[in-house]
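Residue-level structural notes
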2 protein chains.
Amino acid sequence: MSKKIQAELISIGDELLIGQVINTNSSWIAEKLNASGIKVYQAISISDNKEHILQTLEECGSRSDIIIITGGLGPTKDDITKETLCEFFNSKLIFNQKAYENVEEIFRVRGFKVSEINRRQAEIPECCIPIFNKNGTAPGMWFENNGKIFVSMPGVPFEMKSMLEDFVIPKLLVHFKTNAIIHKTILTQGGGESHLAEIIADWEDSLSENMKLAYLPQPGIVRLRISANGENEGELKKEIELKIKELQKIIPDKIFGFDNDTLEEIIGNLLIKAGKSLSTAESCTGGAIAKMITSISGSSNYYMGSVVAYSNDIKEKILGVKHQTLIDNGAVSEDVVKEMAIGVKNKFNTDFAIATSGIAGPGGAVEGKPVGTTWIAIASPNDCVAKKLLLGDHRGRNIQKASLTALNMLRKTLILLYS
Amino acid sequence: MSKKIQAELISIGDELLIGQVINTNSSWIAEKLNASGIKVYQAISISDNKEHILQTLEECGSRSDIIIITGGLGPTKDDITKETLCEFFNSKLIFNQKAYENVEEIFRVRGFKVSEINRRQAEIPECCIPIFNKNGTAPGMWFENNGKIFVSMPGVPFEMKSMLEDFVIPKLLVHFKTNAIIHKTILTQGGGESHLAEIIADWEDSLSENMKLAYLPQPGIVRLRISANGENEGELKKEIELKIKELQKIIPDKIFGFDNDTLEEIIGNLLIKAGKSLSTAESCTGGAIAKMITSISGSSNYYMGSVVAYSNDIKEKILGVKHQTLIDNGAVSEDVVKEMAIGVKNKFNTDFAIATSGIAGPGGAVEGKPVGTTWIAIASPNDCVAKKLLLGDHRGRNIQKASLTALNMLRKTLILLYS
């Protein structure tokens, strides 16, 4: 292990600075670099402006070992990254036959002929190593300059990602050996950031010098990230594991997973392990729970489907909720949400069911039921329980919080029954 | 109108540089500033490191008129922005009674007592104007220094957003008068970036000096953004409108909306105008279409609900797809997707219905039906049409493309029938 390698990220595109596009590339690249032991010093977004690009390349190159550039490689006139890199490295554009064949192949599959504008995509600076783009027409570029590595890739995430994983990271690892940086994230549910901070204050104080703790709150979830830095990766991992075991004793009921675990994945695994099936009946969450569950490949093995019942009529007709129950209690009530859960469980012939009914907002409040009032039910083979949430007045956040809470209720039920 | 005002954005947080959190604040703030005629020069993400924060404040402050800082204001130990700002402005922390009352009130509503760690949230640098945080405990801070404005706000988007809209932007507009920057985005569907670029090349060349065009591709959609800069806002708007009218003559069938229009909103408005109702039957999209439609407040007026039919059994039992049709054609077929659409339309008693059936991937390919094969049907009062898509092998992208294409098919059907 040698000195600590440092990278900087440059995202190029006017769209980033007028707020039309959210920069998802930087965090994705940062994660991959960190996992390879490369520290990211900063990430900067700048416009498609030659002078600004040149100046930023100069600054980043004078400071860090690796400069990763994304964006501005499209075939259209607003994209000037390639020409600017040529100027920066005092090189010139040359036609690359292999890159051109890739452009041709992509167009052939789509049934189009290569146009002049796309032919220019195959031109690259003479001084670079081209990076094959299997998902698009613009090749990436690898430059070595005074011991520094500059990499330029398209801004389209889909194209950039495979170039970074398949080519850039492996090639960087050949160049550099780095100090290990290990991150472990503990996922908690139930209790806000400051509440959690007080409960675990002593534990936090006991973390050693080379460890850092960060609180990362989301609607309904607080993630705790431990970062440790040192020469021996194996020892760092052991240290972290030890601290996590201590933490699990302090907040056993709050921790539901680690790192990139998602509730939908955890639930899927629990259902597969128990050999049980699931259906859902959604009112206020409007399909959000179904979408989360079906985002997991292979979910059709345990998930039979959902009824999004956005009207009382559908709740009665498809889910078998009794007319009188709706009259007596209103749709947003314990009795109705339980009948929805039991109804869909029976109709879809599953072992478990989730149901939601609430006022997502911003409109729809009624006497005694403010916006955010939400009922969630979990039907299991021999039981059906319901819980009331009082959420806020933001439609999107309410839908997200209700969906996460519902999945977590199911998770706890499954663990209770089968673990 | 006076000189052009320039802003820079600083996002503080280790989580941004190890890739744990996607920076959504920068694009949101950039959009709001641009709309107010304030140009964003760059957006930078840095870690919770005092020296790096101080150096970045120095650099940004020496260059731009407005520095907007987010993040690092939480109650926990990793957050050091407030202390660092104190050092930068050579100020000291003082207890602010009004900020404390806000902390107390937030805790009262949640049924907790204020802890010592949260009491410190009410301390702010003596030299700043506090910014009220109606959604959280950390107040924002407004600094004026040598004619430059520095604003610090929490990194939690929900808290930051209302502070920026209610306080920061109005106060900035009092300080500065700026050249107008107008953006107009044209939303197109059907045809990739370079295909579009060729068709509209002459039109693009005809744009005047003060106008810039950018291509912003997404799965299934290409957005074209025109930016115009000048002294007279009214004239700029007229110029842009003229160019858009020209473009509509060149690609009349591809343009489906403008700026922040979404297909789900456009469809909702078309259904309301026509007084018609909608239901959906989703297989491969797994609730994604329902989620999009119900993200619109008031969608319960025209949307009755969905059946997410993730098994053949449910397709038969709930949607009434014939057993023989499934046997003869398989679930991913024109006949099945049409029976799904007609089935849900009848069962939910709606005027229109959307149905999807496909292989979202990455697994599930069968002979003659590669991953990405997707059928979409639109049932209207007197007709049912279906269309086959050949998508890629990325599950998330396939679901998104299929959902957007389905909504756009419905949009075209509604326009054909009722416009």
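Our subject in this report is the structure included herewith. (Residues numbered from 1 in each chain as written. Chains lettered and ligands numbered in written order. Predicted model: local features only at pLDDT ≥ 70, side-chain atom pairs only at ≥ 80, totals over all residues. Heavy atoms only, no water.)

**As for helix α11 (residues 263-274) of chain A**
Residues and elements named next belong to chain A.
- Compared with an ideal rise of 1.5 Å per residue, which puts twelve residues at 16 Å, α11 spans 16 Å between its outermost C-alpha atoms and is within 8% of the ideal.
- Along α11, the residues that are buried comprise Leu 263, Glu 264, Ile 266, Ile 267, Gly 268, Leu 270 and Leu 271.
- In the segment just after α11, Gly 275 is the residue with positive phi, at about 65°. (Helix = DSSP H or I, 4+ residues; strand = E, 2+ residues; numbered from the N terminus. Expected span 1.5 Å × (residues − 1). Buried < 20%, exposed > 50% of the residue type's maximum accessible area, 1.4 Å probe, protein only.)

**Here we look at the sheet that holds strand β9 (residues 180-189) of chain B**
All names here are of chain B.
- One open sheet accounts for four strands, arranged β10-β11-β9-β12; its pairing is antiparallel. Because the sheet does not close on itself, it has two edges, and the strands there are β10 (211-218) and β12 (255-258). When strand polarity is set aside, the average angle formed by the axes of neighbouring strands in this sheet is 25°.
- Both β10 and strand β11 (residues 221-230) contribute to a ladder of eight bridges, which runs antiparallel. Opposite Ala 214, over in β11, you have Arg 225 as the bridge partner.
- Contacting β9, β10, β11 and β12, helix α10 (residues 233-250) crosses the sheet at an angle of about 20° to β9. (Pairing = 2+ DSSP bridges. Axes fitted to C-alpha atoms, helices over the stretch in contact; angles between N-to-C directions. Contact = heavy atoms within 4.5 Å.)

**A few points about the packing of aromatic side chains**
- Here the structure, examined in full by the defined rule, presents 16 aromatic pairs over all chains.
- With centroids separated by 5.6 Å and ring planes inclined at 55°, the aromatic side chains of Phe 88 of chain B and Phe 150 of chain B adopt a geometry described as tilted. Note that Phe 88 of chain B is positioned in helix α4 (residues 81-88) and Phe 150 of chain B in strand β8 (residues 148-153), a separation of 62 residues in sequence.
- In textbook terms, an aromatic cluster arises when at least three aromatic residues are bridged by ring pairs, as seen for Phe 88, Phe 89, Phe 143 and Phe 150 of chain A.
- Above the plane of the ring of Trp 142 of chain B lies Lys 171 of chain B, whose end atom (NZ or CZ) is 5.1 Å from the centre.
- Above the plane of the ring of Phe 158 of chain A lies Arg 397 of chain B, whose end atom (NZ or CZ) is 3.8 Å from the centre. (Phe/Tyr/Trp six-rings, centres within 6.5 Å; stacked < 30°, edge-to-face > 60°. Lys NZ or Arg CZ within 6 Å of the ring centre and 35° of its normal.)

**A look at the pattern of salt bridges**
Residue and element names in this part refer to chain B.
- The final tally for this structure, using the stated rule, is 24 salt bridges over all chains.
- Residues Lys 32 and Glu 165 are paired through a salt bridge, measuring 3.3 Å at the closest nitrogen-oxygen approach. Linking Lys 32 in helix α2 (residues 25-35) with Glu 165 in helix α7 (residues 157-175), this pair joins segments that are 133 residues apart in sequence.
- We note a salt bridge from Glu 339 to Lys 322, for which the minimum N-O separation is 3.5 Å. Pair noted here: Glu 339 is in helix α15 (residues 334-347) and Lys 322 is in the loop between α13 (312-317) and α14 (323-329), with a separation of 17 residues, a long-range link. (Salt bridge = Lys/Arg side-chain N within 4 Å of Asp/Glu carboxyl O.)

**Quick notes on the interface of chain A and chain B**
- Listed by partner, the interface residues are 84 residues for chain A and 84 residues for chain B.
- Contact between chain A and chain B buries roughly 6800 Å² in total, counting both sides, with carbon and sulfur atoms accounting for 55%.
- When the area that chain A buries against chain B is broken down by residue, the three leading residues are Ile 18, Gln 20 and Tyr 310 of chain A, summing to 9%.
- Here chain A and chain B share two salt bridges between them.
- Between Lys 212 of chain B and Asp 14 of chain A there is a salt bridge, with the nearest N and O atoms lying 2.6 Å from each other.
- The interface formed by chain A and chain B includes 34 residue pairs in polar contact (both at pLDDT 80 or more).
- Looking at the side of chain A that touches chain B residue by residue, the class counts come to 34 nonpolar, 30 polar and 20 charged.
- Judged from the five bridges that link them, strand β14 (residues 303-309) of chain A and strand β14 (residues 303-309) of chain B form a sheet pairing that is antiparallel. Following the sheet pairing, Ala 309 of chain A is matched in β14 of chain B by Gly 305 of chain B. (Buried area = accessible area lost by both parts, 1.4 Å probe. Polar contact = N/O pair within 3.5 Å; in protein donor to acceptor, adjacent residues only side chain to side chain. Nonpolar A, V, L, I, M, F, W, Y, C, P; charged D, E, K, R; others polar.)

**Concerning a nonpolar patch on the surface**
- On the surface, Leu 416, Leu 417 and Tyr 418 of chain A cluster together into a nonpolar patch covering about 330 Å² of accessible area.
- Mapping Tyr 418 of chain A onto the fold places it in helix α16 (residues 395-418). (Patch = residues over 30% accessible without salt bridge, like charges linked within 9 Å, V, L, I, M, F, W, Y side chains within 5 Å. Areas by Shrake-Rupley, 256 points an atom, 1.4 Å probe, with all protein chains shown as cover.)

**Quick look at the environment of Lys 171 of chain A**
Residue and element names in this part refer to chain A.
- Locating Lys 171 in the fold gives a position in helix α7 (residues 157-175).
- Under the relative-accessibility criterion, Lys 171 is labelled partly exposed at 24%.
- Counting along the chain gives 98 residues from Lys 171 to Leu 73, while the straight-line C-alpha distance between them is 21 Å.
- Look past the residues within four positions of Lys 171 in its chain and what remains in contact with it is Ile 129 and Trp 142.

**Considering the pairing of strand β11 (residues 221-230) of chain A**
Residue and element names in this part refer to chain A.
- For β11, a buried count of nine out of ten residues is recorded, marking the element as mostly surrounded by other parts of the structure.
- Across nine bridges, strand β9 (residues 180-188) lies against β11 in antiparallel orientation. Note on β11: the bridge partner recorded for Lys 184 is Ile 226.

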